[in-house]
Every structure is written in structure tokens, then in C-alpha cells.
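Coordinate analysis (summary)
Take a look at the letters that make up each chain.
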2 protein chains.
Amino acid sequence: MVERGGSGVPGGRRKQRVSMADVAQLAGVSSQTVSRVSNGHPGVISSTREQVLAAMRELGYRPNSAARALRYGQFNTIGVILFSLSSTGNSRTVEAIATHAAAEGYAITLIPIDVPTQDNVLGAFTRMGELAADAVIVIMEIHLLDAATVQLPPGVHVVVVDSDAGDRHSVVDTDQADGARKAVRHLLDLGHRTVWHVTGPETSFAGQRRTQAWRAVLEEAGCPVPPPLYGDWSAESGYAAGLALADEPDCTAVFASNDQMALGLLRAFHERGLSVPRDVSVVGFDDIPDAAFFVPPLTTVHQDFAEVGRRCVQGVLSQIRTQGDPRPGTDLVPTSLVVRNSTAAPR
Amino acid sequence: MVERGGSGVPGGRRKQRVSMADVAQLAGVSSQTVSRVSNGHPGVISSTREQVLAAMRELGYRPNSAARALRYGQFNTIGVILFSLSSTGNSRTVEAIATHAAAEGYAITLIPIDVPTQDNVLGAFTRMGELAADAVIVIMEIHLLDAATVQLPPGVHVVVVDSDAGDRHSVVDTDQADGARKAVRHLLDLGHRTVWHVTGPETSFAGQRRTQAWRAVLEEAGCPVPPPLYGDWSAESGYAAGLALADEPDCTAVFASNDQMALGLLRAFHERGLSVPRDVSVVGFDDIPDAAFFVPPLTTVHQDFAEVGRRCVQGVLSQIRTQGDPRPGTDLVPTSLVVRNSTAAPR
DNA sequence: GTCCAGCATGTTTACGTAAACATGCTGACC
DNA sequence: GGTCAGCATGTTTACGTAAACATGCTGGAC
């Protein structure tokens with residue numbers, strides 16, 4: 001925290017930064033005593049303590065975290081490398097990470113990657129390495145980390161969200177496959193002959209998992225597997241898919257890989273005069289807060305982003321505290337199906 | 001960045017941390033030479049440089065940012081204190097802040113405040129003071145900062161988003177009033193006799209500004225001012241307001257203080273058999289990506305969150321670089337009205 | 001051949017903090 | 001009354017880095 005010269009520092013106009021030594025001098029004690037007061041250590045008589053505190057107030061002293069970190073060898077900070085903060089779940093995951101980290105006395109340092117090239121990912125890691133972070137959480141829905149070419153630097157505590165690198169890293173993720181199975185089975189249980197599907201982008205690991213599960217359930221149930229429609233998470237792509245599906249006379253049920261695309265479907269069907277759920281049933285994924293207020297309210301798969309964030313923090317902290325190797329493996333957070341009014345039995 | 005013992009460090013199993021001295025020893029040079037190589041300084045002969053780089057690779061050296069920050073007196077980090085990351089604009093603002101900061105070589109440290117009490121805000125500031133940050137951006141839509149009781153510590157570079165503390169701090173914000181005026185005038189221009197309004201929460205500065213502007217435009221135009229309906233930004237509160245408004249025979253136009261509440265309105269009107277925009281026109285605020293795919297596509301006020309983030313970064317960086325006092329004042333980012341299909345002339 | 005400029009590299013020091021160790025005083029106990 | 005335990009406080013040192021200054025070598029000019 002760089003101080004502006006002047007304000008709050010009555011005497012020294014040019015003094016850029018107040019150190020323990022300054023406080024010590026004003027209080028007439030050694031800097032070690034200031035340190036003891038600053039850290040609440042015992043063994044400082046109360047009159048001395050008061051003097052030191054007064055000097056701190058007068059000078060506007062605030063401890064220098066760089067020096068502290070240097071001394072302690074840690075920063076009490078967790079780095080978060082992510083691709084997009086705006087995508088549905090990420091901001092909520094990050095918020096949960098920040099909240100839980102704060103509860104443990106850790107702050108969060110964000111490094112966004114605008115274009116997810118391998119260079120940028122590595123660059124972010126380098127930067128993070130140069131920054132103050134005791135561990136790193138990587139939120140990277142794309143497949144980069146799965147490619148053997150991109151490796152996270154060894155010797156760093158890492159937890160990865162939304163990846164299938166569970167063989168090499170410690171991974172936390174929503175149980176995408178289970179969520180998708182719930183969605184598709186729900187539609188089949190209602191009596192639909194089969195379920196159409198709007199995918200996420202091909203680069204998305206989560207999207208692929210959902211699509212795989214959709215296909216698996218259909219095959220398992222002996223249902224025909226319609227060709228999937230390719231979306232990119234946006235409502236617009238869902239809308240486009242919806243216009244196409246409206247022309248499919250056989251289509252009575254659609255599983256969209258997220259709620260935004262489901263929203264696009266709803267609008268497309270509405271424009272084409274198809275009633276949801278009377279003519280077509282729609283299930284989404286994510287359970288964004290707005291989903292309950294779509295027309296009609298959307299049946300969707302609820303993701304517990306807060307829990308994902310919590311487990312990430314838990315994961316890195318346990319690595320930090322035990323100084324242990326990251327335990328490769330995947331920690332899956334369960335989902336639940338929220339049934340609203342966008343699904344019904346076919347006519 | 002704390003290293004795990006062992007991996008990547010062939011020789012020293014117990015070596016926790018690789019320093020320049022270790023690299024220097026292995027390369028047979030002084031640590032200063034390592035420093036020069038590390039920072040790309042000239043004056044190192046290429047053969048020496050290669051040796052040093054090789055040693056760095058072998059040991060997995062990464063610079064220690066704490067030591068660096070201590071040496072340089074700055075962290076290349078901007079702290080962001082915010083209330084909620086999930087609320088519509090914040091995540092996009094933060095993302096823009098992070099992106100622009102990254103472009104300038106700065107990272108972002110997030111401190112979330114779960115419950116916005118004064119104690120917590122001050123606590124966050126204290127924590128931030130103890131953390132590595134050269135400046136702070138406060139994103140706090142609530143009124144806390146406006147109360148004279150909560151003061152930001154003097155001597156810290158600060159930019160505040162979403163506040164009316166422009167007399168005391170450097171403030172960046174969307175031009176809420178102008179956006180609201182555009183929305184209300186649009187409806188009046190279409191021929192509506194007056195415009196009803198669903199507010200944001202009372203604690204929100206932005207919400208208050210929008211509501212004030214709504215009222216001002218109506219009064220200016222000599223229109224009757226209907227009692228505002230109180231919302232809390234959620235679609236649910238918009239839905240409740242919509243059910244109430246559906247019973248108002250005079251209501252032909254509604255200005256909702258955000259898009260989520262507008263979504264709630266749309267659903268309520270739909271359920272009550274009112275057609276939008278034939279029976280009622282609706283305007284939102286924010287222009288969330290989904291708004292274009294509501295049924296019907298929502299006319300709304302577009303906020304340029306990215307620009308807000310950009311100006312925040314610009315603001316703190318100029319403070320850092322000039323070491324100048326923050327220049328109190330409010331930097332307003334303009335809005336634009338996006339006309340879609342939820343508004344029409346009254347019947 | 002001498003001298004010095006110029007350059008690669010080494011040495012010293014300081015950044016602010018806090019652990020570890022040192023000091024010196026008070027007071028209780030024999 | 002002397003000794004020493006206990007405690008408040010001071011001093012030394014190290015954390016890792018990089019600026020500032022020091023050193024010592026090479027080679028060109030006279």
C-alpha cells in the first residue's frame with residue numbers, strides 16, 4: 001500500500017512510507033517492540049503498548065505486507081486463473097472461493113486470460129508465479145489443460161475446476177454427467193420417445209460431458225439418438241437451434257446444455273407458435289436465478305457453484321497446510337433437478 | 001509461491017524455496033548476475049546468460065514477488081473491495097478491471113464483503129492495507145460510503161464505483177440518471193400518459209438515481225407520478241410487482257430499474273393475459289445478454305460495464321503514477337437505449 | 001610499453017519485518 | 001544480602017531482491 005506523501009503524516013511531508021522504525025522512534029522504543037504490539041504478542045507492558053499504538057495512529061502506520069510475506073514465506077493469498085468471469089457459473093464460483101478464502105484469512109488474486117491460448121495460460125502461470133500467491137486455482141472450462149502440451153508448473157499447489165485432468169491434478173467439478181442424466185431421464189420418464197439436444201461449444205469440457213451423458217442415457221434406454229444441435233452457450237445460439245427444431249415434427253423434448261440456450265429455445269418456440277411444455281418440453285442446465293421467471297418457468301439442473309468454490313478453497317488449503325503433493329483425483333459436486341413448468345408429458 | 005519440497009529440485013529434497021543465491025551457486029556466478037539475467041538487463045555476456053538460464057531451469061527458479069515488492073516498494077496489484085460479485089454488472093466490471101489491469105502489468109486482489117456493515121468495510125480496508133495492493137477500487141452500490149461515519153483511510157489511492165461520494169472521492173459510475181431519463185422519455189414519446197416504475201432496493205445508490213430521474217422526467221413533462229413499486233433487483237420482486245401492476249387499469253408502460261425485474265414483469269403480465277407490448281410496454285436497465293431473448297425481446301438501457309472498469313483502472317493508475325492526491329469528482333460513463341420489442345405506442 | 005576507457009561481473013547495502021537470542025531490571029526466596 | 005527466575009525490552013540476523021558502487025580484465029591509443 002503506497003502512501004501518498006503528506007496527508008495523515010503531520011511532520012514528514014516527504015515521507016513516502018511509514019515503517020516500524022519510524023513508529024519505534026516516535027514511541028521511543030525498539031522496532032521489535034512495535035512488531036510485538038503490531039502482532040498482538042504478549043510481553044509488552046500496557047503503558048508501552050499504548051505509547052506504540054499512539055505513535056502508530058499519529059503516523060498512520062500500516063504494516064508492509066511485502067516485508068511480512070518475505071519474512072513468513074507466504075502471502076495468505078490464493079491465485080485464481082480463469083478464462084471468463086462473466087460466464088454463468090464462474091462469477092459465482094469465484095465469489096464462493098473469495099468468501100471461503102476470506103474466512104480462512106486468504107485473499108484472492110485474479111488473473112484473467114482473454115484469449116485462451118497455451119501461451120497465455122502459461123504466461124498467466126508465470127505471472128502468478130511472480131505474484132504473491134501460495135496456491136493457484138485454475139478455472140478453465142476449455143480443454144487446454146488436458147492437452148499434454150500444456151502442463152502446470154510442478155511444485156505449485158493447484159486445484160483445477162472444470163477439467164478432466166483428474167489423473168494429473170486435483171480437480172473439483174460439478175457432476176456434469178449425473179446432472180445431464182437426470183435431465184434426460186426426467187424427459188424420458190414423462191413419456192417422450194427421445195430427447196433432442198443443444199450442446200455447448202466443442203471446446204468446453206463441461207459441455208462435452210453433458211452431451212456424452214445425454215447420448216449414453218438415450219442409447220441405454222434404446223431410444224433413437226437425434227443429431228445434436230451445436231450451441232455456444234449464448235441465448236442467441238439457443239434461439240437459432242430452436243428455430244431449427246421447430247421444423248422437426250418429431251421433436252417433443254429438448255435438453256439444452258445451459259439455461260441461456262434454453263431461453264433462446266423458449267423464444268424461438270414461442271415465435272413459431274409452439275407451446276412449451278404442451279408441444280415441446282425444455283430442460284436447461286445451471287439453474288440461474290432468472291430461470292424460475294422464464295416463460296414458462298424453466299425445469300433445469302441445479303449446479304451448486306458455492307459448493308464448488310468451497311471445495312476448491314478446501315483443496316488448496318489442505319495442500320498448503322500439509323505441504324503435501326496435490327492428490328490427483330476428481331471431487332464431484334452433486335446436482336439436483338429442479339422441476340418447474342417447462343416440461344410435461346407429450347401429447 | 002510456496003514450493004513443495006522435492007519435485008523439480010533434483011538435489012535438495014528439503015529445499016523449500018529456490019532463491020537467486022541457489023541459482024547463482026549452481027551457475028557459478030554472483031546473485032547479482034542472476035538478477036540481471038532475470039530482469040533482462042544488458043551487460044551480461046551471452047554465455048554467462050545461458051549458464052544462468054540453464055541453472056534457473058534446472059532448479060525451477062521463480063522470482064520471489066515478496067522480495068521484489070519489498071525492494072521496489074510496490075506490488076503491481078490493485079485491490080478490489082466489493083459487496084457481491086454475482087450481481088449483474090459487478091462481475092463484468094471486475095472482469096474489465098482485471099483485463100485492463102493485466103494489460104498494464106497489474107493483477108487484481110479481490111476482497112468480498114459478505115455483510116455490508118461498516119465494520120466489515122473498514123475491516124476489508126484494513127485487510128487490504130495489510131495485503132499487497134498499490135491502490136484500491138471500491139465497488140459498493142450501497143450507501144455506506146456516503147455516510148460520514150464510514151471513511152476510507154487517508155493516504156490510499158482509491159477509486160469508488162457506484163457511489164455519490166464524488167465530493168470526497170474519485171468516483172466512476174454509469175450515468176444512471178441519464179439512462180433512466182432515456183428510458184422514461186422513450187415511453188412518453190411513444191404516447192404513454194405516464195410511466196410506472198419498479199425500483200431497486202432503497203439501499204442502492206444506483207437504484208435511487210434511476211428512481212429520481214424517473215420522477216423528474218415525469219414531473220417535468222407534467223405527467224402524473226404513480227406510486228413506485230419497490231423491488232430488490234430480483235426477478236421475483238419484479239414478478240410480484242407485475243402481478244400488482246396487472247390490476248392497474250391505467251398502467252400502459254413500466255420502467256423497471258433492472259432487466260431481471262423486467263423479466264419478472266414479463267412473466268407476470270404473460271400469466272395475467274396481458275400482451276407486451278400491445279397492452280403494456282416494459283423497459284429495463286442493464287442490457288444483460290439475455291435481454292435480447294426475453295419474450296418479447298426487451299427494450300432496455302445499455303450499461304457499458306467494460307468502460308466503467310477501464311476508467312477505474314485508468315483512475316487508480318494515474319493516482320499511482322503521479323503519486324497525486326485522488327481528485328474528487330465523478331466520471332460518468334454514458335448509456336444508450338436499446339429499443340427492442342417490449343415497447344410500443346399505447347392502444 | 002603504458003595508461004586508461006569500457007565492460008562484465010562481484011560486493012555491499014537497504015528495503016520492512018519478526019524470530020532468536022541478549023540484556024538488564026525487579027523482586028522473591030534462602 | 002546475595003542469587004537467580006522471570007519478564008520487559010533491545011540487538012542481531014535473515015528472508016530474496018536489485019540499486020549503487022567496486023573490482024578486475026581486455027584492448028586500443030599514444
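See the structure above.
All values derive from a computational prediction rather than experimental measurement.

Analysis parameters
Residues numbered from 1 in each chain as written. Chains lettered and ligands numbered in written order. Predicted model: local features only at pLDDT ≥ 70, side-chain atom pairs only at ≥ 80, totals over all residues. Heavy atoms only, no water. Pairing = 2+ DSSP bridges. Helix = DSSP H or I, 4+ residues; strand = E, 2+ residues; numbered from the N terminus. Contact = heavy atoms within 4.5 Å. Axes fitted to C-alpha atoms, helices over the stretch in contact; angles between N-to-C directions. Buried < 20%, exposed > 50% of the residue type's maximum accessible area, 1.4 Å probe, protein only. Right-handed = clockwise from strand over helix to strand, strands pointing away. Near = heavy atom within 4 Å. Polar contact = N/O pair within 3.5 Å; in protein donor to acceptor, adjacent residues only side chain to side chain. Parallel < 35°, antiparallel > 145°, perpendicular 65-115°, else oblique. Nonpolar A, V, L, I, M, F, W, Y, C, P; charged D, E, K, R; others polar.

Note on sheets: strands pair through backbone hydrogen bonds, and any given pair is parallel or antiparallel. All names here are of chain B. In space, the six strands of this open sheet follow the order 7-6-8-9-10-12, with mixed pairing throughout. A strand with exactly one partner marks an edge of an open sheet, and here the two such strands are strand 7 (229-230) and strand 12 (336-338). Across the sheet, helix 7 (residues 176-189) touches strand 8 (253-256), strand 9 (281-286), strand 10 (299-302) and strand 12, and the angle it forms with strand 9 is around 165 degrees. On top of the sheet, helix 8 (residues 205-220) reaches strand 6 (196-199), strand 8 and strand 9; it is set at about 170 degrees to strand 6, its chief contact.

Turning our eyes to something else, we now look at the pairing of strand 1 (residues 77-82) of chain B. Residue and element names in this part refer to chain B. Counting buried positions along strand 1 yields six of six residues, so the element is predominantly enclosed. What you see with strand 1 is no split at all: Thr77, Gly79 and Ile81 on one side and Ile78, Val80 and Leu82 on the other are buried throughout. In this view, the connection linking strand 1 to its parallel neighbour strand 2 (residues 107-112) by way of helix 5 (residues 88-103) has right-handed handedness.

Our next topic: the protein's contact with DNA strand D. As a matter of local geometry, DNA strand D sits amid 26 residues, with Thr48(A), Met20(B), Tyr61(B), Arg68(B) and Arg71(B) nearest to it. Sugar and phosphate atoms represent 62% of those atoms of DNA strand D found within 4 Å of the protein. At a separation of 2.8 Å, a phosphate oxygen of DNA strand D approaches a polar backbone atom of Ser30(A). Gln32(B) has a polar side-chain atom sitting 2.8 Å from a base nitrogen of DNA strand D. Contributions of two or more residues to the surface near DNA strand D are made by helix 2 (31-38) and helix 4 (65-72) of chain A together with helix 2 (31-38) and helix 4 (65-72) of chain B.

Residues and elements named next belong to chain A. Running from amino to carboxyl end, helix 2 crosses helix 3 (residues 46-59) at an angle of 90 degrees, the nearest separation of the two axes being 10 Å. Taken as axis vectors, helix 2 and helix 3 run roughly perpendicular relative to one another. Contacts between helix 2 and helix 3 involve Thr33, Val34, Val37 and Ser38 on the former and, on the latter, Thr48, Arg49, Val52, Leu53 and Met56.

The local shell around DNA strand C holds 25 residues, among which Met20(A), Tyr61(A), Arg68(A), Arg71(A) and Thr48(B) are the closest. For DNA strand C, the fraction of protein-proximal atoms (within 4 Å) that sit in sugar or phosphate groups is 59%. The contact in question runs from a phosphate oxygen of DNA strand C to an N or O atom on the backbone of Met20(A), over 2.5 Å. A distance of 2.9 Å separates a phosphate oxygen of DNA strand C from a polar atom in the backbone of Ser30(B). When residues of the surface near DNA strand C are traced back to their parent elements, those giving at least two are helix 2 and helix 4 of chain A together with helix 2 and helix 4 of chain B. Take the surface near DNA strand C: its biggest share by element is five residues, from helix 4 of chain A. Taken together, the residues that form the surface near DNA strand C break down as ten nonpolar, ten polar and five charged.

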